[in-house]
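Remarks on the overall topology
The chain contents come next:
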Amino acid sequence: MKNDLTGKIHRLGIMGGTFDPIHYGHLVAAEMARAEFKLDKVLFIPTGTPPHKKRRDISAGKLRYEMVKCAIQDNSAFDISALEIEREGPSYTVETLRVLRRKWPNHELYFITGSDALLEIFSWREAEEIFNLIQFIGAARPGFDASDFLLKVQQEHPETQGKIHYLEVPALAISSTDIRARVQRGEPIRYLLPESVRLFLEQRGLYKGKA
Ligand code: NAP
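Residues numbered from 1 in each chain as written. Predicted model: local features only at pLDDT ≥ 70, side-chain atom pairs only at ≥ 80, totals over all residues. Heavy atoms only, no water.

**Some thoughts on the sheet that holds strand β4 (residues 108-114)**
For clarity, the threshold we go by: In this description, strands pair whenever DSSP reports at least two bridges between them. Counting from the N terminus, the helices are DSSP H or I runs at least four residues long and the strands are E runs at least two residues long. Every angle, taken between N-to-C directions, lies between 0 and 180 degrees, and every axis is a line fitted to C-alpha atoms, over only the stretch in contact when it is a helix.
Spatially, the 6 strands line up as an open sheet ordered β3-β2-β1-β4-β5-β6, and their pairing is parallel. With partners counted over all chains shown, the strands left at the sheet margins are β3 (78-80) and β6 (164-168), one partner each. The mean angle between the axes of side-by-side strands here comes to 25 degrees, regardless of whether they run parallel or antiparallel. Pairing geometry for strand β5 (residues 135-140) and β6, over 5 bridges, is parallel. Residue pairing for β6: I137 is matched across the bridge by H165.

**A few points about the packing of aromatic side chains**
Short version of the rule: Aromatic pairing here means that ring centres of Phe, Tyr or Trp (its six-membered ring) are within 6.5 Å. Orientation follows from the plane angle: under 30 degrees is stacked, over 60 is edge-to-face, and everything else is tilted. Relative accessibility thresholds used throughout: buried, under 20% of the residue-type maximum; exposed, over 50%; partly exposed, between the two (1.4 Å probe, protein chains only). Here, a charge over a ring is recorded when the distance from Lys NZ or Arg CZ to the ring centre is within 6 Å and its angle to the ring normal is within 35 degrees.
All chains considered together, the criterion is met by 9 aromatic pairs. Between F111 and W124, the ring centres sit 6.3 Å apart and the planes meet at 80 degrees, which makes this aromatic pair edge-to-face. With a gap of 13 residues between them, F111 in strand β4 and W124 in the loop between α5 (115-119) and α6 (127-133) connect regions that are remote in the sequence. For the pair shown, F111 and W124 are each scored as buried. With 6.3 Å between their ring centres and 75 degrees between their planes, W124 and F136 make a pair best called edge-to-face. In this pair, W124 is assigned in the loop between α5 and α6 and F136 in strand β5, connecting sequence segments 12 residues apart. Across the pair, exposure class does not vary: W124 and F136 are buried alike. The ring of F200 has R204 lying over it, and the distance from NZ or CZ to the ring centre is 3.9 Å.

**With respect to the packing of helix α2 (residues 61-72) against helix α9 (residues 195-203)**
As a reminder of what qualifies: Orientation labels follow simple angle bins: below 35 degrees gives roughly parallel, above 145 gives roughly antiparallel, 65 to 115 gives roughly perpendicular, and whatever is left gives oblique. Handedness of each helix crossing follows the sense of rotation of the near helix against the far helix: counterclockwise by less than a right angle gives left-handed, clockwise gives right-handed. Residue contacts are counted whenever heavy atoms from the two residues lie within 4.5 Å of one another. Residues are grouped as follows: Ala, Val, Leu, Ile, Met, Phe, Trp, Tyr, Cys and Pro are nonpolar; Asp, Glu, Lys and Arg are charged; all remaining types, including Gly, are polar.
Running from N to C, α2 and α9 cross one another at 155 degrees; their axes reach a closest spacing of 8 Å. With respect to their mutual orientation, α2 and α9 come out roughly antiparallel. The handedness of the crossing between α2 and α9 comes out as right-handed. Contact residues: L63, E66, M67, C70 and A71 in α2; S196, V197, F200 and L201 in α9. Per-class residue counts for the contact of α2 with α9 are 7 nonpolar, 1 polar and 1 charged.

So this is what it looks like as structure tokens:
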């Protein structure tokens with residue numbers, strides 16, 4: 001992705017998440033963000049070792065990476081990066097964004113993630129620096145109300161004004177937690193995620209022994 005000769009600024013979405021597993025909610029969110037914010041590309045970055053995770057049984061990064069790769073293969077506007085799963089230690093978003101900023105100094109960068117994750121953003125490492133590097137798009141499940149959060153942010157962090165956007169994504173009624181629980185209970189997960197991902201996790205017996 002290079003700036004073209006007209007000097008057009010390219011817009012890149014960074015889709016950050018654990019993706020354990022990736023499902024249609026994530027894919028619809030990325031596609032809606034691409035269209036709504038006129039993004040040239042959306043780069044999926046599966047988290048390596050999530051810094052805040054309470055779950056200890058997260059699937060190996062390599063498996064989550066493979067599932068994302070399967071899921072995005074038919075969309076030429078989607079791409080994937082192994083940046084976080086190859087990096088040692090906890091996956092601090094600020095470190096990822098510094099690398100991406102160096103690579104694309106003139107692009108408009110948007111970090112797309114779950115709206116619930118964004119509620120915690122001021123507890124992330126170097127949160128204020130993050131807002132110098134990128135804007136945010138919170139992909140919200142139906143019924144999610146960010147107004148209290150945004151009001152608080154406006155009062156406590158006025159410098160971030162206009163840098164947090166929300167996008168309601170009805171397909172986010174699907175959740176990775178629910179898919180894992182369904183597999184464990186032996187319930188169907190077909191049509192909640194791409195068939196290639198369903199076959200992948202079935203072949204490897206993922207989530208069978210976990211709640
Ligand atoms: P999470 O706690 O697993 O997810 C929070 C909620 O957001 C869940 O409901 C999840 O649904 C949803 N979600 C997650 N990623 C999404 C996406 N890309 N699009 C739509 N919905 C999404 O959050 P996480 O995956 O660990 O973290 C999200 C991102 O924030 C990651 O890139 C992570 O590295 C970053 N983060 C950084 C820090 C830090 O730098 N200190 C701390 C926390 C998180 P599903 O379960 O269905 O996906």
